[in-house]
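Examination of the molecular architecture
Chain by chain, the residues run as shown.
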Protein chains: 2
Amino acid sequence: MSILVVGSIALDTIETPFGKREDILGGSCTYFSYAASFFRPVSIVGVVGNDFPPEHVELLKARGIDTQGLQVLDGETFRWSGAYHYDMNEAKTLSTCLNVFETFQPVLPEAYRDAEDVFLANIDPDLQLGVLAQVRAPRLVACDTMNLWLNTKRDAVATLFSKVHVVIVNEAEARLFSGTPSLIASAKQILESGATYVVIKKGEHGALLFGRDFFFACPGFPLETVLDPTGAGDTFAGGFMGYLAKSGDLSQMHLRRAVVYGCVMASFNVEDFGLDRLKGLTEDDIANRYLEYVTLTRFESV
Amino acid sequence: MSILVVGSIALDTIETPFGKREDILGGSCTYFSYAASFFRPVSIVGVVGNDFPPEHVELLKARGIDTQGLQVLDGETFRWSGAYHYDMNEAKTLSTCLNVFETFQPVLPEAYRDAEDVFLANIDPDLQLGVLAQVRAPRLVACDTMNLWLNTKRDAVATLFSKVHVVIVNEAEARLFSGTPSLIASAKQILESGATYVVIKKGEHGALLFGRDFFFACPGFPLETVLDPTGAGDTFAGGFMGYLAKSGDLSQMHLRRAVVYGCVMASFNVEDFGLDRLKGLTEDDIANRYLEYVTLTRFESV
């Protein structure tokens, strides 16, 4: 079975200290699906307007991504514009135009309803819940969210957290949900809301994985040059879910490795604008960087 | 041989979201020596005023710390006052009174001049260089510095970096020295100035170790409660140097483990104000937390 993902498909305008790109392919669904496609086939659910360049759909199809669930509506595609400053840690959103997203109602093609692995990428939590309700018997469901929904639809987010196996959020989102600066206390609160595991993404500083009786910490893959952090969180999730789907094993060891694969995929993504780095990526590149990561983090039997 | 350290001995007034302490024992030399003393004997070089409470000296002596090199001058002890806010990542300095430090000229007792392991904790780089010149044939020399000296005495800091084996700085100091946000590029610049290794401390996010042909990354030990980050960098250095002195081995594997011991010692230190957590610490506590750290970072053979 392929990995099912619902999320945003966007045309992004991005400015960083290293350059500017206008109306490039972006969105949480796009980054996730492209990254996960290196591990397992992916099926997407999303919406675009009739202005959406057909070559973007071809790009996804060329990676074997199933686009049956991609709706094309009259109107303009969702657009996001953001800028990053010197330290590149946080995007400043300049504008968000929901466009066709405003009326989006995700409907799963019949073939998608037997998905075993589901990623509910960042969109309105009610839409995430609506998609989840259409999946018959998933083995593994993970979700992301964002500050907007934590501020405006906290109850829906809490319901979402109670229905998934893995909550994948960044540091700021974890702290916003819990109201405490401690990431451990934040993770405990998310676990109490019902999720089985929590992954907290820390950007260049790596990630933490919390279960009910263990936790795992790993550093980010150190990079000399970061050109564009957009999509790092979604490529992380793509590597994480992709590895778990491929391994077919949800044991603690594989969950830990999945976090490392998340860091590896995110480290590639930020090396160039938009999907440019992932477009040239091979499975060998991923395997090699994973091995580099093993080497650079080892201290007990170098 | 014992580990020789020169640095500040201070009376600190500290305010964090969890409380306030006035005129407690602090300073880079103090935190370093206390932490390193769990691994090897330590000899200190520093200065205090005649207002310095004798019980503080007794506290150091009780850990086997050699205080022959502690000068007591007429006048007041160095005082620092700082506050930490919600995220506890950075101290806001409220006041610094150099007092007896203004005229301090470190002189090594004869017995200290054969030291094999030397840590030049953060003080004026000219004083650090002055101490180093008095040591006959050290096996391992490491140094720290701070933004003040990078801004006011950059040439002296660069000279210092050229004469030590290991430069241990935090992220902000590495970036300030290099003028680039990239920590890898910053480390390369410090290596180019002559140091053999660079350790970049990232607070709760762990640390990076760079050599000429390798690097090592490790996360911080995740803590639910951090009461007071003061001294974390110096206890890190104490664990790092202490482990290397104890092991007597400067191979890459031991350097990596030394960084982990640095993270372990810093993680204890921040759990309470001042030296309070270290005061109750045992070698078993350290060994157990190291093992916990191994477990929480392992992903290839859990």
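Further up the page is the structure itself.
Report on the accompanying structure. Just so you know, these numbers come straight off a predicted model, no measurement behind them. (Residues numbered from 1 in each chain as written. Chains lettered and ligands numbered in written order. Predicted model: local features only at pLDDT ≥ 70, side-chain atom pairs only at ≥ 80, totals over all residues. Heavy atoms only, no water.)

1. Let's talk about the overall build of chain A
For chain A, the count of helices and strands is 11 helices and 13 strands. Whereas a compact globule of 302 residues would reach a radius of gyration of roughly 19 Å, chain A reaches 18 Å, a difference of no more than 12%. Principal-axis analysis of the C-alpha atoms gives chain A an extent of 55 × 40 × 35 Å. Across the 302 residues that make up chain A, the buried fraction comes to 60%. Here the analysis covers contacts within chain A between residues at least 6 apart in sequence; of these, 63% occur between residues at least 24 apart. For chain A, the accessible surface area stands at approximately 11,400 Å², while carbon and sulfur atoms represent 49% of it. (Helix = DSSP H or I, 4+ residues; strand = E, 2+ residues; numbered from the N terminus. Rg over C-alpha atoms; globule rule 2.2 N^0.38 Å. Buried < 20%, exposed > 50% of the residue type's maximum accessible area, 1.4 Å probe, protein only. Contact = heavy atoms within 4.5 Å. Areas by Shrake-Rupley, 256 points an atom, 1.4 Å probe, with all protein chains shown as cover.)

2. A word on unusual backbone geometry
Residues and elements named next belong to chain A. In the Ramachandran plot, aspartate 23 falls in the positive-phi region, its phi being about 50° despite a non-glycine side chain. Structurally, aspartate 23 is set in strand S3 (residues 19-26). The class of aspartate 23 is partly exposed, set by a relative accessible area of 39%.

3. Looking at the pattern of salt bridges
All told, the structure shown has 34 salt bridges over all chains when counted by the stated rule. A salt bridge links arginine 175 of chain A to glutamate 204 of chain B, with the shortest nitrogen-to-oxygen separation between them at 3.9 Å. Pair noted here: arginine 175 of chain A is in helix H6 (residues 171-178) and glutamate 204 of chain B is in the loop between strand S11 (197-201) and strand S12 (207-210), and the two residues belong to different chains. Assessed through its relative accessible area of 21%, arginine 175 of chain A is described here as partly exposed. The exposure class assigned to glutamate 204 of chain B is partly exposed, which follows from its relative accessible area of 34%. For arginine 175 of chain B, the salt bridge identified is with glutamate 171 of chain B, shortest N-O distance 3.7 Å. Taken together, the positions of arginine 175 of chain B and glutamate 171 of chain B, both in helix H6 (residues 171-178) and four residues apart, correspond to about one turn of that helix. Under the relative-accessibility criterion, glutamate 171 of chain B is labelled buried at 15%. (Salt bridge = Lys/Arg side-chain N within 4 Å of Asp/Glu carboxyl O.)

4. A word on the relation of the copies chain B and chain A
Each of the two chain copies can be brought onto the other by rotation about an axis and movement along it. In the superposition of chain B on chain A (RMSD 0.0 Å, axial shift 0.0 Å), the rotation amounts to 180°. Taken together, these values place the two copies in the relation of a two-fold axis. Taking C-alpha positions as reference, the residue of chain B nearest the rotation axis is proline 219 of chain B, located at 2.5 Å. Both copies present the same face, since 100% of the interface residues in chain B are matched by interface residues at the equivalent positions in chain A. (Least-squares fit on C-alpha atoms with pLDDT ≥ 70 in both.)

5. Digging into the side chain of serine 37 of chain A
Residues and elements named next belong to chain A. Among the secondary structure elements, serine 37 is positioned in the loop between helix H1 (28-36) and strand S4 (42-49). Of the polar contacts made by the side chain of serine 37, one reaches the backbone oxygen of tyrosine 34; its length is 2.7 Å. Ignoring sequence-local partners within four residues, the contact set of serine 37 consists of Val42, Arg63 and Ile65. (Polar contact = N/O pair within 3.5 Å; in protein donor to acceptor, adjacent residues only side chain to side chain.)

6. Re the environment of asparagine 50 of chain B
Residues and elements named next belong to chain B. Relative to the helices and strands, asparagine 50 resides in the loop between strand S4 (42-49) and helix H2 (54-62). Separated by 32 residues in the primary sequence, asparagine 50 and phenylalanine 18 have C-alpha atoms spaced 31 Å apart. Discounting residues that sit within four places of it in the chain, asparagine 50 has contacts with Val72, Leu73, Asp74 and Gly75.

7. Some thoughts on the packing of helix H1 (residues 28-36) of chain B against helix H8 (residues 232-247) of chain B
Residues and elements named next belong to chain B. Closest axis-to-axis distance for the H1/H8 pair is 7 Å, and the angle between their directions is 40°. Taken together, H1 and H8 sit at an angle that is classed as oblique. Here H1 runs over H8; the crossing is right-handed. Packed against H1, whose contacting residues are Ser28, Tyr31, Phe32, Ala35 and Ala36, the element H8 presents Asp234, Thr235, Ala237, Gly238, Gly239, Met241 and Gly242 at the interface. When grouped by side-chain class, the residues that make up the contact of H1 with H8 number six nonpolar, five polar and one charged. (Axes fitted to C-alpha atoms, helices over the stretch in contact; angles between N-to-C directions. Parallel < 35°, antiparallel > 145°, perpendicular 65-115°, else oblique. Left-handed = near helix turned anticlockwise from the far one by under 90°. Nonpolar A, V, L, I, M, F, W, Y, C, P; charged D, E, K, R; others polar.)

8. Some remarks on helix H7 (residues 183-192) of chain B
Residues and elements named next belong to chain B. With seven of 10 residues buried, H7 is to be regarded as a mostly interior element. Residues Leu183, Ile184, Ala185, Ser186, Ala187, Ile190 and Leu191 constitute the buried set of H7. The elements touched by buried residues of H7 are helix H5 (154-163), strand S10 (166-170), H6, S11, S12 and strand S13 (215-218). Two or three places before isoleucine 184, at the start of H7, stands the capping residue serine 182, its side-chain oxygen 3.3 Å from that residue's backbone nitrogen. Following H7 by one or two positions, glycine 194 has its phi on the positive side, about 125°.

9. A word on the sheet that holds strand S2 (residues 10-16) of chain A
Residues and elements named next belong to chain A. Sheet architecture is open: four strands sit in the order S3-S2-S6-S7, paired in mixed fashion. Each end of this open sheet is capped by a strand with a single partner; those strands are S3 and strand S7 (91-97). Adjacent strand axes in the sheet meet at a mean angle of 15° when their direction is disregarded. In terms of strand pairing, S2 meets strand S6 (residues 79-84) through five bridges, oriented parallel. Within S6, the residue paired with isoleucine 14 across the bridge is glycine 82. (Pairing = 2+ DSSP bridges.)

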